[in-house]
Amino acid sequence: MPTYEYHCDACSHEFEEFQYIKDEPLKKCPTCGKVKLRRLISGGAAIVFKGSGFYQTDYRSDAYKKVAKSESTAPTPPKSDTAAPTGAKVKE
Ligand SMILES: [Zn+2]
């Protein structure tokens, strides 16, 4: 019968709950009433990330950004290089 730690993403409230392993994890915060609870498992931070899905989404969008960047890098520099001096001349 382990004690689980919970953290609320909405109000940062943290508390411990005594539960059986097969019990459903709590979701609703007793302080603010929002369904923003996360169960913290000591020594298993990776499991928390995996469960939230944040890590995977971040990783993928980062990879997409890299591809998009390398594709747009070639045409962008010459374009903005000529645009800056031209804009300054027009201002004078
Ligand atoms: Zn809360």
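Remember, predicted model here, so these are calculated numbers, not experimental data.

Caption draft 1: The overall build of the protein, seen in detail. Of the regular secondary structure elements, the protein holds three helices and three strands. Along its sequence from the N terminus, the protein presents helices and strands in the succession β-β-β-α-α-α. For the protein, buried positions account for 3% of its 92 residues. Expressed as a percentage of contacts within the protein between residues at least 6 apart in sequence, the contacts between residues at least 24 apart total 28%.

Caption draft 2: Representation of unusual backbone geometry within the structure. With phi around 65°, Ser 12 is a residue other than glycine that occupies positive phi space. Among the structural elements, Ser 12 can be located in the loop between strand S1 (3-8) and strand S2 (14-18).

Caption draft 3: Main features of the sheet that holds S1. Spatially, three strands are ordered S2-S1-S3 in an open sheet, and the strand pairing comes out antiparallel. Unpaired on one side and paired on the other, S2 and strand S3 (37-40) mark the two borders of the sheet. Across this sheet, the average inter-strand angle for adjacent strands is 35°, counted without regard to direction. As paired strands, S1 and S2 are joined by five bridges and run antiparallel to one another. When the bridges of S2 are listed, Tyr 6 appears paired with Phe 15.

Caption draft 4: View of the environment of Cys 11. You can see Cys 11 is positioned in the loop between S1 and S2. Note on Cys 11: 13 C-beta atoms within 10 Å, which makes it partly exposed. Separated by 23 residues in sequence, Cys 11 and Lys 34 have C-alpha atoms that sit 8.8 Å apart. When near neighbours in sequence (up to four residues on either side) are disregarded, Cys 11 contacts Cys 29, Thr 31 and Cys 32.

Caption draft 5: Region of interest: the confidence of the model for the protein. Per-residue confidence for the protein gives a mean pLDDT of 73, with 46% of residues at or over 70. Within the protein, helix H1 (residues 45-52) has the poorest average pLDDT of any element, 48, and S1 the best, 93. Within the model, the stretch residues 43-48 combines pLDDT values under 50 with four contacts to residues more than four positions away or in other chains.

Rules and cut-offs
- Residues numbered from 1 in each chain as written.
- Predicted model: local features only at pLDDT ≥ 70, side-chain atom pairs only at ≥ 80, totals over all residues.
- Helix = DSSP H or I, 4+ residues; strand = E, 2+ residues; numbered from the N terminus.
- Buried ≥ 20, exposed ≤ 12 C-beta atoms within 10 Å, placed from the backbone.
- Contact = placed C-beta atoms within 7 Å.
- Pairing = 2+ DSSP bridges.
- Axes fitted to C-alpha atoms, helices over the stretch in contact; angles between N-to-C directions.
- pLDDT = per-residue confidence, 0-100.

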